[in-house]
Amino acid sequence: MEGAVAAADQSLDPAAVPSAYSSFSNLPLVAAFVSFVAAQSLKIVTTWYKEKRWDLKRMAGSGGMPSSHSATVIGLTVAIGLRDGTGGSLFAIALVLASIVMYDASSVRFHAGRQAEVLNQIVFELPPEHPLADSRPLREPLGHTPPQVAAGAALGCFIAYILYLISLLGV
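Residues numbered from 1 in each chain as written. Predicted model: local features only at pLDDT ≥ 70, side-chain atom pairs only at ≥ 80, totals over all residues. Heavy atoms only, no water.

Q: Account for the UniProt feature "transmembrane region" (unreviewed entry) in the chain, naming residues and giving values.
A: As recorded in UniProt, the feature "transmembrane region" (unreviewed entry) lies at residues 20–39, 88–105 and 149–169. Secondary structure across residues 88–105 comprises 94% helix and 0% strand; the distance between its end C-alpha atoms is 26 Å. Helix makes up 100% of residues 149–169 and strand 0%, with an end-to-end C-alpha separation of 31 Å. (UniProt positions renumbered as here; feature names shortened; annotations may be inferred. Helix = DSSP H or I, 4+ residues; strand = E, 2+ residues; numbered from the N terminus.)

Written out as structure tokens, the structure is:
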């Protein structure tokens, strides 16, 4: 009975209620978010470098250098490992999730994008009277090459480590 009363008293304690600030102090969450934003922002720069044009649509697009999927899940995984250690279940779950996401980005989604290229070419070559000739093209840049996945993973690692060092300073 005393345990229930103590639990009820603790639930009324304002310090026990998570605040909006606690979300910003959640290193894995912040590392994942910052890694995602950084990767998406870098896509604008890499598009300019490769194609000599600024394309702000890359900020919301999939595919390209670096992989924001890889940056996000590796940023999350490394931050969990740094904050909680690598021996726990949480790190194991994050690592397995990161492996699946990165495999999907570099294999399944990459090949789906290649198939979209072929299908778009087939539709483009159809005669104008064909019912599918007016169909909207499929999105082609869906997945990532292995270097794009590796670059995203390196970015996520770097950001998580920098944010961890900042968190140690108490900033």
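Q: Give me the lowdown on the side chain of Ser67, citing residues and values where you can.
A: Mapped onto the elements, Ser67 comes out in the loop between α3 (27–51) and α4 (68–84). In terms of polar contacts, Ser67 uses its side chain to reach the backbone amide nitrogen of His69, at 3.4 Å. Side-chain polar atoms of Ser67 contact the backbone nitrogen of Ser70, separated by 3.0 Å. Contact partners of Ser67, with chain neighbours within four places excluded, come to Ala39, His144, Gln148, Val149 and Gly152. (Polar contact = N/O pair within 3.5 Å; in protein donor to acceptor, adjacent residues only side chain to side chain. Contact = heavy atoms within 4.5 Å.)

Q: An account of α4 is needed here, citing residue identities and associated values.
A: Side chains of residues three or four places apart in an α-helix project in the same direction, reflecting 3.6 residues per turn. Between its first and last C-alpha, α4 extends 24 Å over 17 residues, near the 24 Å set by a 1.5 Å rise per residue. Along α4, the residues classified as buried are Ser68, Ser70, Ala71, Val73, Ile74, Gly75, Thr77, Ala79, Ile80 and Gly81. Two to three positions downstream of the cap, the backbone nitrogen of His69 sits 3.4 Å from a side-chain oxygen, assigning the N-cap of α4 to Ser67. Count one or two residues on from α4 and you reach Gly85, which has phi positive near 90 degrees. (Expected span 1.5 Å × (residues − 1). Buried < 20%, exposed > 50% of the residue type's maximum accessible area, 1.4 Å probe, protein only.)

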